[in-house]
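# Overview (structure and organization)
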Amino acid sequence: MSLLQLEEAKTLLGVTHAFDDARIQLLINSASSEVLSFLNREHDDQWDEETDQANPPDDVKLSVFLLVQAAYEGSVDDMGKIQSLMEHKLFRYRKGLSV
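Residues numbered from 1 in each chain as written. Predicted model: local features only at pLDDT ≥ 70, side-chain atom pairs only at ≥ 80, totals over all residues. Heavy atoms only, no water.

### Comments concerning unusual backbone geometry
A positive phi angle, close to 60°, is found at Asn 40, a residue other than glycine. When you line up the elements, Asn 40 lands in the loop between α2 (21-38) and α3 (58-73). (Helix = DSSP H or I, 4+ residues; strand = E, 2+ residues; numbered from the N terminus.)

The following block contains the structure:
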């Protein structure tokens, strides 16, 4: 399940050609899986009532995009920083956390 549409990712990446579409879609799928895993939602069919899978919150989309951008543009050195930012932005959306 993709949390970011191909055309959205291409726009944010500044990609105007179709040559890399398959590659970008693979990166989106991988990043979406990583985000869903962090959110403890990888096996959910539905988000909770306030969230719609077809239209995830902007923080979720941005987190997926940052992972896609790092992989697409080869900025692996920044992956730790991106991971921290992603976790910070997504923490409030995590499911099943109890104190």
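### Structural notes on helix α1 (residues 6-13)
Taken together, the buried positions of α1 are Leu 6, Ala 9, Lys 10 and Leu 13. Projected down its long axis, α1 shows its buried positions confined to an angular sector of 100°, all on one face. Exposed residues on α1 whose side chains face more than 90 degrees from its buried face are Thr 11 and Leu 12. Those residues of α1 hidden inside the fold are in contact with α2 and α3. Two residues or fewer after α1 comes Gly 14, characterised by a positive phi angle close to 80°. (Buried < 20%, exposed > 50% of the residue type's maximum accessible area, 1.4 Å probe, protein only. Arc of directions from axis to C-beta. Contact = heavy atoms within 4.5 Å.)

### As for the pattern of salt bridges
Evaluation of the coordinates by the stated rule reveals 4 salt bridges. Residue Asp 59 is joined to Lys 89 by a salt bridge in which the shortest nitrogen-to-oxygen separation is 3.4 Å. Within this pair, whereas Asp 59 is found in helix α3, its partner Lys 89 is found in helix α4 (residues 79-90), the two being separated by 30 residues in sequence. Put simply, Asp 59, Lys 89 and Arg 92 are held in one network by salt bridges that share partners. (Salt bridge = Lys/Arg side-chain N within 4 Å of Asp/Glu carboxyl O.)

### Regarding the packing of α1 against α2
Where α1 meets α2, the axes come as close as 10 Å, and the angle between the chain directions of the two elements is 105°. As the angle between them shows, α1 and α2 are arranged roughly perpendicular. Contacts from Leu 6, Ala 9, Lys 10 and Leu 13 in α1 reach Asp 21, Ile 24, Gln 25 and Ile 28 in α2. Of the residues that constitute the contact of α1 with α2, the class distribution is 5 nonpolar, 1 polar and 2 charged. (Axes fitted to C-alpha atoms, helices over the stretch in contact; angles between N-to-C directions. Parallel < 35°, antiparallel > 145°, perpendicular 65-115°, else oblique. Nonpolar A, V, L, I, M, F, W, Y, C, P; charged D, E, K, R; others polar.)

### Some remarks on the nonpolar core
Ranked by size, the top nonpolar core spans 26 residues in total, and within it Leu 13, Ile 24, Ile 28, Val 35, Val 64, Val 68 and Leu 90 carry the most contacts. At the level of secondary structure, the elements contributing two or more residues to this core comprise α1, α2, α3 and α4. In this structure Leu 90 touches Val 35, Phe 38, Leu 39, Asp 59, Val 60 and Ser 63, once residues within four positions along its chain are discounted. (Core = buried A, V, L, I, M, F, W, Y, C linked by side-chain atoms within 4.5 Å.)

### Quick notes on the packing of aromatic side chains
Tallying each qualifying case throughout the model produces 0 aromatic pairs. Looking at Arg 94, its charged tip hangs above the ring of Phe 38, at a distance of 4.3 Å from the centre. (Phe/Tyr/Trp six-rings, centres within 6.5 Å; stacked < 30°, edge-to-face > 60°. Lys NZ or Arg CZ within 6 Å of the ring centre and 35° of its normal.)

### Section: the packing of α1 against α3
At a minimum axis distance of 10 Å, the contact between α1 and α3 shows a crossing angle of 60°. Here α3 runs oblique to α1, going by the angle between their axes. Here α1 and α3 pass one another in a crossing that is right-handed. The residues of α3 that touch α1, namely those facing Glu 8, Ala 9, Leu 12 and Leu 13, are Lys 61, Phe 65, Val 68, Gln 69, Tyr 72 and Glu 73. (Left-handed = near helix turned anticlockwise from the far one by under 90°.)

Limitation: the analysis is restricted to geometry and does not speak to function.
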